[in-house]
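Here is what each chain is made of, one letter per residue.
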Amino acid sequence: MFNMFADWLVEDVFGLSITSKFGGALHFFIYDTLKILFLLSVMVFAISFVRSYFPPEKVKRWISGKKKGIASVLAALLGVVSPFCSCSTVPLFIGFVEAGIPLGVTFTFLISSPIVNEVSLVMLFSIFGWKIAVLYVLFGVLLAIIAGWVIGKLKLEKYVEPYVFNIQLGESVVQEMTMRERFAYAKTNVIDTVKKIWVFLLIGIGIGAWIHGYVPEDLLVRYAGEKSILAVPVAVILGVPLYSNAVGSLPMIEALMGKGVAPGTALSFMMAMTALSFPEMVLLRKVMKPQLIGMFVLIVTIGIIAIGYIFNAIL
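Residues numbered from 1 in each chain as written. Predicted model: local features only at pLDDT ≥ 70, side-chain atom pairs only at ≥ 80, totals over all residues. Heavy atoms only, no water.

Undergrad: Please explain the overall build of the protein as it appears in this structure.
TA: For the protein, the count of helices and strands is 16 helices and zero strands. Looking at the protein as a whole, 51% of its 315 residues are labelled buried. Here the contacts in the protein between residues at least 6 apart in sequence split such that 82% fall between residues at least 24 apart. Counting only carbon and sulfur atoms, one obtains 71% of the accessible surface of the protein, whose full area is about 15000 Å². (Helix = DSSP H or I, 4+ residues; strand = E, 2+ residues; numbered from the N terminus. Buried < 20%, exposed > 50% of the residue type's maximum accessible area, 1.4 Å probe, protein only. Contact = heavy atoms within 4.5 Å. Areas by Shrake-Rupley, 256 points an atom, 1.4 Å probe, with all protein chains shown as cover.)

Put into structure tokens, the structure is as follows:
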């Protein structure tokens, strides 16, 4: 349906050929914008409804008191089903520390939540198929668990700002929603989510359209194809300072892979953008010292590079 509408708009209304550079780029932009906004709205509504059963207080309560191994796995899985935005990072971090949850387990949740969520899973499945979607989720969860375990073993608690340990939040009462409130919450969240990310989404689609229409295929294959040894670390380094969520980065990933960029290289670029976003680092500075942020970035960067190479080998 969206493809037919894009065909009609580009060829019949604008009088352009889809095989031309500009026509192909414009078709990509129109088709992806309509498709992603539709999928985003439907999935955010469904996910928000499910998320209404997982408020932060419940997540904290379920993880606290568990053995480290079980807590790490639980934190990674809860990060998948309860994705929180960057604005929730500081209060969640403080709440986890105050509840006595180990630092490594806390970081497992903070890594898993932005990298792996239901929206990115469904959209990866719709664009690239089930194999890439499932592998992305599995490796994202593994990255969160392993990186959290390494941070825990390094005993970096001294680099958390001292005031965090002195905060006493206490137990807050979790208010159960009615079914009508859950639907209202989901509807509001769709509107808020689209308002927050539409600019990043259009920028991502625009970059993807430019890559699709104008970047020579042989150029990307030469420098970022399967045979390029340095493609994965370069992609990760380029992705670290950029900011996007999984939805905003997917059009770029789709265009890159369509031009012959190796899957692991493209997906490691996406992981770097979502897991190591600059706004989140700025927010984390409020609760931790630069040394801990530096170790966090280093460990996750190494993990993403390793995943990129493994992805390329598998796919």
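Undergrad: For this particular structure, what's the right way to read unusual backbone geometry?
TA: In most cases, non-glycine residues show a negative phi, while peptide bonds are predominantly trans. Phi is positive for K155, close to 50°, though the residue is something other than glycine. As for its placement among the helices and strands, K155 is situated in the loop between α8 (130-153) and α9 (163-166). Residue classification places K155 among the exposed residues on the basis of a relative accessible area of 53%.

Undergrad: I would appreciate a short explanation of the pattern of salt bridges in the present structure.
TA: Should their charged atoms come close, side chains of opposite charge can pair. Counted under the stated rule, the structure contains two salt bridges. A salt bridge links E161 to R285; the shortest N-O distance between them is 2.9 Å. With E161 in the loop between α8 and α9 and R285 in the loop between α15 (278-284) and α16 (290-314), the pair connects residues that are 124 residues apart, well separated along the chain. Look at E161 and you get buried, because its relative accessible area is 16%. (Salt bridge = Lys/Arg side-chain N within 4 Å of Asp/Glu carboxyl O.)

Undergrad: What should I look at first to understand the nonpolar core in this one?
TA: Generally speaking, a soluble globular protein has its nonpolar side chains buried in company with each other. F93, F296, V300 and I304 are the most contacted members of the largest nonpolar core, which totals 73 residues. If near-sequence neighbours (up to four positions away) are discounted, I304 is found in contact with L143, V236, S268, M271, A272, A275 and L276. Membership of the second largest hydrophobic core comes to five residues, among which are A6, L9, L26 and I30. (Core = buried A, V, L, I, M, F, W, Y, C linked by side-chain atoms within 4.5 Å.)

Undergrad: Can you walk me through the packing of helix α12 (residues 231-239) against helix α14 (residues 263-275) in this structure?
TA: Close contact between α12 and α14 brings their axes to 8 Å; oriented N to C, the two are set at 25°. Considering their axes alone, α12 and α14 lie roughly parallel with respect to each other. Between α12 and α14 the crossing geometry is right-handed. Residue-level inspection shows A231, V232, A235, V236, L238 and G239 of α12 in contact with α14, the latter providing T265, S268, F269, A272 and M273. Of the residues contributing to the contact of α12 with α14, the split by class is eight nonpolar, three polar and no charged. (Axes fitted to C-alpha atoms, helices over the stretch in contact; angles between N-to-C directions. Parallel < 35°, antiparallel > 145°, perpendicular 65-115°, else oblique. Left-handed = near helix turned anticlockwise from the far one by under 90°. Nonpolar A, V, L, I, M, F, W, Y, C, P; charged D, E, K, R; others polar.)

Undergrad: Got a minute to help me understand the confidence of the model for the protein in this structure?
TA: Caution applies to low-pLDDT parts of the model: their predicted coordinates are not meant to be read in detail. Per-residue pLDDT for the protein has a mean of 78; in total, 81% of the residues score no lower than 70. Model confidence for the protein, summarised as mean pLDDT per element, is weakest for helix α11 (residues 217-224) at 62 and strongest for α16 at 90. (pLDDT = per-residue confidence, 0-100.)

Undergrad: Help me out: how do you make sense of helix α6 (residues 103-115) in this one?
TA: Think of an α-helix as 3.6 residues a turn; residues three or four steps apart then line up on the same face. Taking 1.5 Å of rise per residue, the 13 residues of α6 would be expected to cover 18 Å, and the 19 Å separating its terminal C-alpha atoms lies within 8% of that figure. Burial analysis of α6 places 13 of its 13 residues in the buried class, which makes it a mostly covered element. (Expected span 1.5 Å × (residues − 1).)

Undergrad: How should I be thinking about helix α1 (residues 2-13) in this particular structure?
TA: Its 12 residues place the ends of α1 15 Å apart at the C-alpha level, agreeing with the 16 Å of an ideal helix rising 1.5 Å per residue. Buried residues of α1: A6, L9 and V10, and no others. For α1, the angular spread of the buried residues around the axis is 85°, confining them to a single face. Summarising the geometry of α1, the exposed residues directed more than 90 degrees from the buried face are M4 and D12. (Arc of directions from axis to C-beta.)

Undergrad: What should I look at first to understand the side chain of S268 in this one?
TA: By the secondary structure assignment, S268 is in helix α14. Within polar-contact distance, the side chain of S268 engages the backbone oxygen of G264 at 2.9 Å. Residues within four places of S268 in sequence aside, it is in contact with V232, A235, V236, I304 and G308. (Polar contact = N/O pair within 3.5 Å; in protein donor to acceptor, adjacent residues only side chain to side chain.)

Undergrad: Looking at this structure, how should I read a nonpolar patch on the surface?
TA: Side chains of I229, L230, V234, L238 and Y309 sit close together on the surface and give an oily, nonpolar patch of about 520 Å² of accessible area. Considering the arrangement of structural elements, one finds Y309 in helix α16. (Patch = residues over 30% accessible without salt bridge, like charges linked within 9 Å, V, L, I, M, F, W, Y side chains within 5 Å.)

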